[in-house]
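# Examination of the molecular architecture
Chain by chain, the residues:
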Amino acid sequence: MASPAARPAPRQQFSLVVDLGSGIGSRQWLRGLATCGALCFAAWSFWPAMATTPGLSPPPLTPDLREENDALAIAPAALGSTTGRRMAPTDAVQPLADAPERPTVDIRATLAGAGDIVATLTRSGVSQAEAQAIAAMIAGAVPLDQIAAGTLLELRLGRRLSMTAPRPVERLTLRATFGMKIDIQRAGGQLVLNRQPIDVDSTPLRIQGTVGGSLYRSARAAGVAPRIVEAYIRALAGHVGVPGGLGAGDRFDIIVEHRRAATGETQTGNLLYAGLDRATGRDIQLMQWTVGGRAQWMEASGVGRESSSGFRMPVQGRITSSFGRRVHPILRYARFHAGIDFGAPYGAPIVAAASGRVVSAGWQGGYGRAVKISHGGAIQTLYGHMSSLAVAPGQQVAAGQVIGYVGSSGFSTGPHLHYELHRGGTPIDPASFRFTTRAALSGGELASFRARMQSLLATPVGAAPAADRVTFAGVGGTQAGLR
């Protein structure tokens, strides 16, 4: 067995890739250097020639050709010139002292805002003085705020005296309201306004149909506008569940305000009547009626929807003292606390817990500046320790209306609101009470309500009752109702 010293050295493997950074001067390094040189020589040998390519350049333009070329450049084309070769002006051309212009200009402008007559006319090129004079003329025929945004103005401007002066108005036509068209023309150097009334047929429109699988889709398929369908659903929501309480066989009955002009335009107003003829259950008949200055939906019997609300926070704050017995913070002994105290910053607004009439408003002993409101049914609320009052005795207030501001008047240790609720003169816990209101008509108002209800119910589908029908003289004879 040969000793380790006698073993031959291992052969070095051949590699085409040589690291020229190591083993400098060795045979392998020299071989790598030669390989690198050969590769560089091969690349240089196949490098393409970079000889210049001869080309043609246009000859410089003569002065005459350059002048003609400038006349056909992009600037004249941008100003609307036609194509084709044309000669530049020569000395034979005589400039005009005054360029001719069109004798009249017709403009169609649209009101950006309601009654925005002056601004619209001045933007169209009318002088400020003439625009204000025209607006004053129109205001004498119809209030400017009744001219809706988007109204189209057809304007004709005449010839002006000089290039720097604005054009005068020769004629102005606009549809001021649904039932009136205004035409202003210049006659004898003065503008004259001519009112052109448009006869309007104001007739309620009645639409009926079957609920089917979707009340909204069925009503829309019958031609009811989206906002009317939404108002109809809101009116029914207080009496029947929508859509869970509706049956596929139920029929909707909708009556809306509707106007038709003699010129053919139509205009749909608000929802007047919401009815539901149910296949099973009690039918629903609702009509909008104004009670106490507020419009609400009333049943055919003249009774409105019952509305109730729980404990209303009369001020934004936290409860610092609850209803019941407590140790008085000033007297330092236990006594009955007839209300709730709310900690709030000085001057914070205080609102009425429910609608009612102000019984008293002023200084009330230990309550300081206080307001007492009667809500009917022997229910009264009291708000004490105010810094200032916002109502007067005998005034009608609505729920949520500001009646005063937080203070520390009277027997008080700091700014807060003392809130009490009495029923029949006995204090009760406001946190356990619910205000319930239900409007009901009586007397002559109930008779008027029922007469109007019967008039609407007599409306045939697509027309109006005789009592509500207003005829107008249209083109080709007298027309009445809706077709």
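Because the structure is a prediction, the values reported are computed rather than measured.

Criteria and cut-off values
Residues numbered from 1 in each chain as written. Predicted model: local features only at pLDDT ≥ 70, side-chain atom pairs only at ≥ 80, totals over all residues. Heavy atoms only, no water. Helix = DSSP H or I, 4+ residues; strand = E, 2+ residues; numbered from the N terminus. Contact = heavy atoms within 4.5 Å. Areas by Shrake-Rupley, 256 points an atom, 1.4 Å probe, with all protein chains shown as cover. Salt bridge = Lys/Arg side-chain N within 4 Å of Asp/Glu carboxyl O. Buried < 20%, exposed > 50% of the residue type's maximum accessible area, 1.4 Å probe, protein only. Phe/Tyr/Trp six-rings, centres within 6.5 Å; stacked < 30°, edge-to-face > 60°. Lys NZ or Arg CZ within 6 Å of the ring centre and 35° of its normal. Lys, Arg positive; Asp, Glu negative; His and termini not counted. Polar contact = N/O pair within 3.5 Å; in protein donor to acceptor, adjacent residues only side chain to side chain. Expected span 1.5 Å × (residues − 1). Pairing = 2+ DSSP bridges. Axes fitted to C-alpha atoms, helices over the stretch in contact; angles between N-to-C directions. Disulfide = S-S within 2.5 Å. pLDDT = per-residue confidence, 0-100.

Scanning the protein chain from terminus to terminus reveals 8 helices and 27 strands. Considering only residue pairs separated by 6 or more positions, the protein chain has 58% of its internal contacts joining residues 24 or more positions apart. If you sum the accessible surface of the protein chain, you get close to 28800 Å²; carbon and sulfur atoms cover 55% of it.

Here the focus is the pattern of salt bridges. Under the definition given, this model contains 6 salt bridges. Taking the shortest distance from any N to any O, the salt bridge between Arg186 and Glu130 comes out at 2.4 Å. With Arg186 in strand E4 (residues 180–187) and Glu130 in helix H5 (residues 128–141), this pair connects stretches of sequence that are 56 residues apart. The closest approach of N and O atoms between Asp183 and Arg171, which form a salt bridge, is 2.9 Å. Here Arg171 lies in strand E3 (residues 169–177) and Asp183 lies in strand E4, a separation of 12 residues in the sequence. According to the relative accessible area criterion, Arg171 is partly exposed, its value standing at 38%.

Another point: the packing of aromatic side chains. Taken as a whole and judged by the stated rule, the model has 4 aromatic pairs. Between the aromatic rings of Trp289 and Phe449, the centroid separation amounts to 5.4 Å while the plane-to-plane angle is 90 degrees, which identifies the pairing as edge-to-face. Here Phe449 lies in helix H8 (residues 443–457) and Trp289 lies in strand E10 (residues 284–291), a separation of 160 residues in the sequence. Each member of the pair, Trp289 together with Phe449, is buried. One aromatic cluster in this structure is built from Phe342, Tyr383 and Tyr419. It is Arg175 that lies over the ring of Phe178; its NZ or CZ is 5.6 Å from the centre.

This part is about unusual backbone geometry. Phi angles above zero are rare outside glycine, and His385 is one such case at about 65 degrees. Tracing the backbone through its elements, the reader meets His385 in strand E20 (residues 379–389).

Relative to the assigned elements, Leu155 resides in strand E2 (residues 152–157). Separated by 47 residues in sequence, Leu155 and Arg108 place their C-alpha atoms 6.1 Å apart. When near neighbours in sequence (up to four residues on either side) are disregarded, Leu155 contacts Val105, Asp106, Ile107, Leu121, Ser124, Val126, Val169, Arg171 and Leu172.

Moving on, we come to the side chain of Glu420. Mapping Glu420 onto the fold places it in strand E23 (residues 416–423). Buried within the structure, Glu420 lacks any salt-bridge partner; its nearest side chain of opposite charge belongs to Lys372, at an N-O separation of 7.4 Å. There is a polar contact of 2.8 Å between the side chain of Glu420 and the side chain of Tyr367. A distance of 2.7 Å separates a polar atom in the side chain of Glu420 from a polar atom in the side chain of His422. With near-sequence residues (within four places) excluded, Glu420 lies in contact with Ala338, Gly339, Tyr367, Gln380, Thr381 and Leu382.

Between the first and last C-alpha of H8 there are 21 Å, a value that for 15 residues agrees with the 21 Å anticipated at 1.5 Å per step. Among the residues making up H8, those that are buried are Leu446, Phe449, Met453, Ser455 and Leu456. In this fold, the buried residues of H8 make contact with strand E7 (205–210), strand E8 (251–261), strand E9 (266–277), E10 and strand E11 (294–299).

Taken in spatial order, the 5 strands of this open sheet run E1-E2-E3-E4-E5, and their pairing is antiparallel. The strands lining the two open edges of the sheet, one partner per strand, are strand E1 (105–110) and strand E5 (190–197). Neighbour to neighbour, the strand axes of the sheet diverge by 15 degrees on average, direction disregarded. One ladder, built from 5 bridges, connects E3 with E4; its direction is antiparallel. The residue bridging Arg171 from the neighbouring strand is Gln185, located in E4. Along the sheet, H5 contacts E3, E4 and E5; its crossing angle with E5, the most-contacted strand, is approximately 30 degrees.

We now examine the state of the cysteines. Counted according to the given criterion, the structure contains 0 disulfides. Left without a disulfide partner, Cys36 is nearest to the cysteine sulfur of Cys40, which lies 4.3 Å away. We classify Cys36 as partly exposed; its relative accessible area is 35%.

The next subject is the environment of Ala279. Here Ala279 lies in the loop between E9 and E10. Spatially, the C-alpha atom of Ala279 lies 9.4 Å from that of Leu246, the residues being 33 residues apart in sequence. The contacts of Ala279, once residues within four sequence positions are left out, are Gly249 and Asp250.

Of the pairings in the sheet, the one linking strand E18 (residues 356–363) to strand E21 (residues 396–397) comprises 2 bridges and is antiparallel in character. Looking across to E21, one finds that Gly356 is bridged to Val397. Taken together, the 6 bridges between E18 and strand E19 (residues 369–374) define a ladder with antiparallel strand orientation. Bridge pairing in E19 links Ser360 to Lys372. Hairpin connection between E18 and E19: a loop of 5 residues separates the two successive antiparallel strands, and Gly365 in this loop has a positive phi of roughly 55 degrees.

So, about the confidence of the model for the protein chain. Per-chain confidence: the protein chain averages 79 in pLDDT, with 82% of residues scoring 70 or above. In this model residues 463–483 is a low-confidence stretch, pLDDT under 50, and it forms 45 contacts with partners more than four residues away in sequence or in other chains.

Here we take up the side chain of Ser412. For Ser412, the location among the structural elements is in the loop between strand E22 (402–406) and E23. Given a relative accessible area of 16%, Ser412 falls into the buried group. Polar contacts involving the side chain of Ser412 include one to the side chain of Ser408, which spans 3.0 Å. Within the local environment of Ser412, its side chain forms a polar contact with the backbone oxygen of Gly414, the two atoms lying 2.8 Å apart.

This part takes up the pairing of strand E16 (residues 339–343). With 5 of its 5 residues buried, E16 lies for the most part within the structure. Relative to E16, strand E13 (residues 318–321) is paired through 3 bridges, and the arrangement is antiparallel. When the bridges of E16 are listed, Arg318 appears paired with Gly343. Pairing of E16 with E23 involves 5 bridges; the strand directions are antiparallel. What sits directly across from Gly339, in E23, is Glu420.

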